[in-house]
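So you can see what is in the structure, the chains are spelled out below.
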Amino acid sequence: MPTITIDGNKIDFSQGQTIIEVARAAGIEIPHFCWHPKLSVSGNCRVCLVEIEKMPKLAISCATIASDGMVVHTNSPKTLEARNAVMEFILINHPLDCPICDEAGECKLQEYAFAHSRGESRFDEIKNRKEKRVQLGPRIKFDGERCISCSRCIRFSDEIAKSNQLTFTNRGDKVTISTFPGESFDNPYTLNTTDICPVGALTNEDFRFKSRVWEMSSTKSVCVGCARGCNSEIWVRNNEVLRLTPRLNEEVNSYWMCDKGRLETFKHINAEDRISGTYIRKAGQLQKVEWKEALDVAAKSLRENKSNEIGFVGSALASCEDNYVLLKLAKQMNINITAFTNHIVTGDQDQILIREDKTPNSLGAELIGLNSNGVDLIYRMIKDGKLKALIIVEEDLGSLSEDWEQALGQLDLLIVTSTNSNKTTALADIVFPASTYAEKHGTFVNFQGRVQRIMPAVATEEEDRALDGMSMSRWDKFGTKFDRWMQGRKVDAKPSWKILSLLAAYLGIKMKFDMAEQVFEEISNTIDAFRGLDYDVIGELGAKVKINEKIKI
Amino acid sequence: MTEKKRIKNLSLMERIYIPEIAKGMWLTLKTMFKPSVTLQYPEVKFEPTGSYRGRPVLVKDQNEVERCVACGLCARVCPALAIEVQASETELEKERYPQKFEINMLRCIFCGLCEEVCPEEAIVMSKDYELVFSNRDDAIFGKDKLLVPVENLKERLDFLRKFKG
């Protein structure tokens, strides 16, 4: 194997790697703006210049192929001098916008200016003025002055999003980024450019000025927009989700995430129509009651029905744990009618990330033992009057069609756990408030058969950030109950598996689960596909389930 | 508990007592004819100089707009977490303004770090030392109480330019 020496460390590499790649693999960070591991090399920022022995001039490490016996210095006086000069050059026309720039705190230019530059400008002239607040696309605002012309966004839209919508216009210090005439930067992946933009030139319209990045806590999670299950990070301040960002997972989504998943999968968490507390229908109206009363009434009215007249509906939106406890409860009550429904939007799919299946856990629900075709049977049984009671977990059957809405109205007893109010909860007799994916521990199985964990980022009434080991911002750490930022809304909700096991207790069925982890432990002990897995094995990046041929992906 | 013992050994003069009394009376007598420094507060109010660190306020420029761009540095640097800022977008050239700017005066320790860190000279320490409130909610000063016209803060701004560069 060929070896290269970087800063005195001998490093093995494979033929064809560039110096910056070899260094990065060995944990040596060479500053870079335009280079990105997933994009082609353009070599225009020049900040990754390194000194290579026996080469007359410094070379950019992103475009220099490593060769055997090369000796590279990334911190020699010559390199540092060149790097400082490049930084000074880039900063000449970069405005001092940090106080009003959303990127501040996670800005590569800011970090490098702090770590690798002279710390002082010798440029006395007036900086370049360019267009600010340009609406590049429906979700992106562009600030021409801040742009350092690294071309990452252009290469991203060409190579990853395959949309060819962006280009450089003008030359020299007038160079700026714009869309082709008549085009709008509107492909389904535009917001990834705000992540890869090394400065704050491209900003997320939705998150713009909402919060400084250092005021938020971040929690590793999984996007629930489709069956891909992109690894994501949930950013929370004052117990409110403010944005989602993609998290690197080479097996699933690499560095990327689609705009829809990023913008539309968290708004419901803090929406006005969140269900908080339990509700019972009294005199035709849903009325808020204590948990005790709701569980009591639910257990009593379930007992009044014969077990062959009760149906259970799980959900591909709920976690494996939720569906498992649902199925376990059904088995213990001798109920055979269980099902869940898929949400497939035919044709809404691409070769990049987006999947037709718009739920995060349809494979998980299937592996747990729910039947995706069963809802049709349930529908017919309700229509025939054979099914009188239904328990629905986090599924909005009422919104599927008018027929379903009518069918649900025919039921004698409808018990629903739901995160937000919808057509199904409007018809329900008893409503339990379910935690969203951002408020509970759990697992989803994506379309590849990969189990991935979700973790609580937003605290419900029963959770405490510190005691439950949730991620905390500085504000969360030092706040008291008298501080306004600690008085963010907390919903009175529980994960569905917990609601169901509480219900089991009221029905006199023994089911002792205190934590989602215990539920998963039982899943891995009883279901072959999950054998050998636990929360630690799954970890942050997920693990594959063992799928036999019976289940098609 | 052990009884406290007087450690100091009094000299003869002190033990005689009368001369010490006379000394004290002399001091009082002398002070009676010196100019008085006591202020009859609240009838007479103390007027501090520009270097005084009273409650922090936001500077309102001549165009009736606050200088603050809601960068949040004051909130970040505040050791007592007294400041809470929520930014929002404005059509003005500064792009960003504080939709909400709150200082919890129960938390504030008058250290002046917010003033020091401010890139816009938008938050300064005023001369106002009279802070009265009867409950926790009143102690949180919003923009209505914080905004002060720049003319009223001239002395402080001059002081900052002169001594803090």
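Residues numbered from 1 in each chain as written. Chains lettered and ligands numbered in written order. Predicted model: local features only at pLDDT ≥ 70, side-chain atom pairs only at ≥ 80, totals over all residues.

A.B. asks: Could you clarify how one ought to interpret the overall build of chain A in this entry?
C.D. replies: Within chain A, the secondary structure is distributed over 16 helices and 23 strands. By its C-alpha atoms, chain A is 90 × 50 × 50 Å across when sized along the principal axes. The burial tally for chain A puts 46% of its 553 residues in the buried class. (Helix = DSSP H or I, 4+ residues; strand = E, 2+ residues; numbered from the N terminus. Buried ≥ 20, exposed ≤ 12 C-beta atoms within 10 Å, placed from the backbone.)

A.B. asks: When you look at the interface of chain B and chain A in this model, what are you seeing that I'm missing?
C.D. replies: For an interface, size is often stated in terms of accessible area lost upon the parts coming together. With 17 residues of chain B at the contact, the number on the chain A side is 12 residues. With four residues, strand β2 (residues 83–89) of chain B is the largest single contributor of residues to the side of chain B that touches chain A. Across the side of chain B that touches chain A, the residue classes break down as seven nonpolar, two polar and eight charged. (Contact = placed C-beta atoms within 7 Å. Nonpolar A, V, L, I, M, F, W, Y, C, P; charged D, E, K, R; others polar.)

A.B. asks: What is the right way to read the environment of A:His343 from this model?
C.D. replies: Residues and elements named next belong to chain A. With respect to the element layout, His343 can be found in the loop between β17 (337–339) and α9 (362–368). Along the chain, His343 and Gln285 lie 58 residues apart, while their C-alpha atoms are 30 Å from each other. In this structure His343 touches Ala316, Asp357, Lys358 and Thr359, once residues within four positions along its chain are discounted.

A.B. asks: What is the right way to look at the domain arrangement of chain A in this model?
C.D. replies: All names here are of chain A. The domain architecture assigned to chain A consists of domain 1 (3–92), domain 2 (98–264) and domain 3 (291–458 + 491–544). On a C-alpha basis, the centroid separation for the pair domain 1 and domain 2 is 25 Å. Tallying the contact residues gives 18 residues for domain 1 and 21 residues for domain 2. Considering only residue class, the side of domain 1 that touches domain 2 consists of 10 nonpolar, five polar and three charged. (Domains from an automatic or database assignment.)

A.B. asks: Before we go on, may I ask you to explain the packing of helix α8 (residues 320–332) of chain A against helix α14 (residues 496–506) of chain A in this structure?
C.D. replies: If you want to describe how two helices pack, look at the angle between their axes and the distance between the axes. All names here are of chain A. Following both chains from N to C, one finds α8 and α14 inclined at 20°, their axes separated by 8 Å at the closest point. Relative to α14, the element α8 lies roughly parallel. The crossing of α8 and α14 is left-handed. Where α8 approaches α14, its residues Glu321, Asp322, Val325, Leu326 and Leu329 are matched on the opposing element by Ser496, Trp497, Leu500, Ser501 and Ala504. Along the lines of polarity and charge, the residues of the contact of α8 with α14 split into six nonpolar, two polar and two charged. (Axes fitted to C-alpha atoms, helices over the stretch in contact; angles between N-to-C directions. Parallel < 35°, antiparallel > 145°, perpendicular 65-115°, else oblique. Left-handed = near helix turned anticlockwise from the far one by under 90°.)

A.B. asks: Help me understand the sheet that holds strand β13 (residues 240–246) of chain A in this model?
C.D. replies: Remark on secondary structure: sheet strands pair via backbone hydrogen bonds, oriented parallel or antiparallel. Residue and element names in this part refer to chain A. If you trace the three strands from one edge of the open sheet to the other, you get β11-β12-β13, paired in antiparallel fashion. Since the sheet does not close on itself, it has two edges, and those belong to β11 (217–222) and β13, each with one partner. Put simply, the sheet's adjacent strands are angled 30° from each other on average, direction ignored. As paired strands, strand β12 (residues 231–237) and β13 are joined by six bridges and run antiparallel to one another. Paired with Ile234 across the two strands is Leu244, which belongs to β13. (Pairing = 2+ DSSP bridges.)

A.B. asks: Just to check I follow, could you spell out the pairing of strand β8 (residues 166–169) of chain A for this structure?
C.D. replies: Residues and elements named next belong to chain A. In this structure, β8 lies alongside strand β9 (residues 176–179), joined through four bridges in antiparallel fashion. Paired with Leu166 across the two strands is Thr179, which belongs to β9. Remark: six residues form the turn of the hairpin made by β8 and β9, two consecutive strands paired antiparallel; Asn170 in that turn has positive phi of roughly 65°.

A.B. asks: Looking at this structure, I do not really get the nonpolar core. What am I missing?
C.D. replies: Considering soluble globular proteins, one finds that nonpolar side chains tend to be buried as a cluster. One finds A:Cys48 and A:Val313 to be the most contacted residues of the largest nonpolar core, which totals 146 residues. Ignoring any residue separated from it by four or fewer positions in sequence, one finds A:Cys48 in contact with A:Ile20, A:Ile30, A:Pro31, A:His32, A:Trp35, A:Ile60, A:Ser61 and A:Cys62. Counting residues in each nonpolar core, the second largest holds 31 residues, with B:Val85, B:Ala87, B:Tyr97 and B:Leu153 among its members. (Core = buried A, V, L, I, M, F, W, Y, C linked by C-beta atoms within 7 Å.)

A.B. asks: When you look at unusual backbone geometry in this model, what are you seeing that I'm missing?
C.D. replies: Leaving glycine out, the prevailing phi sign among residues is negative, and the prevailing peptide bond configuration is trans. Backbone torsion omega between B:Tyr41 and B:Pro42 reads 5°, so that peptide bond is classified as cis. Note on placement: B:Pro42 falls in the loop between α2 (18–32) and β1 (56–60). Even without being glycine, A:Ala283 reaches a positive phi, approximately 50°. Relative to the helices and strands, A:Ala283 is located in the loop between β14 (278–282) and β15 (285–289).

A.B. asks: Looking at this structure, how should I read helix α2 (residues 77–92) of chain A?
C.D. replies: One turn of an α-helix holds 3.6 residues; hence residues three or four places apart share an orientation. Residues and elements named next belong to chain A. The terminal C-alpha atoms of α2, which comprises 16 residues, lie 23 Å apart, in line with the 22 Å expected from a rise of 1.5 Å per residue. Along α2, the residues classified as buried are Thr79, Arg83, Val86, Met87 and Ile90. Buried positions in α2, seen along its axis, are confined to an arc of 100° and lie on one side of it. Residues of α2 that are buried in the fold lie against β3 (49–52), β5 (71–73) and α3 (108–116). (Expected span 1.5 Å × (residues − 1). Arc of directions from axis to C-beta.)

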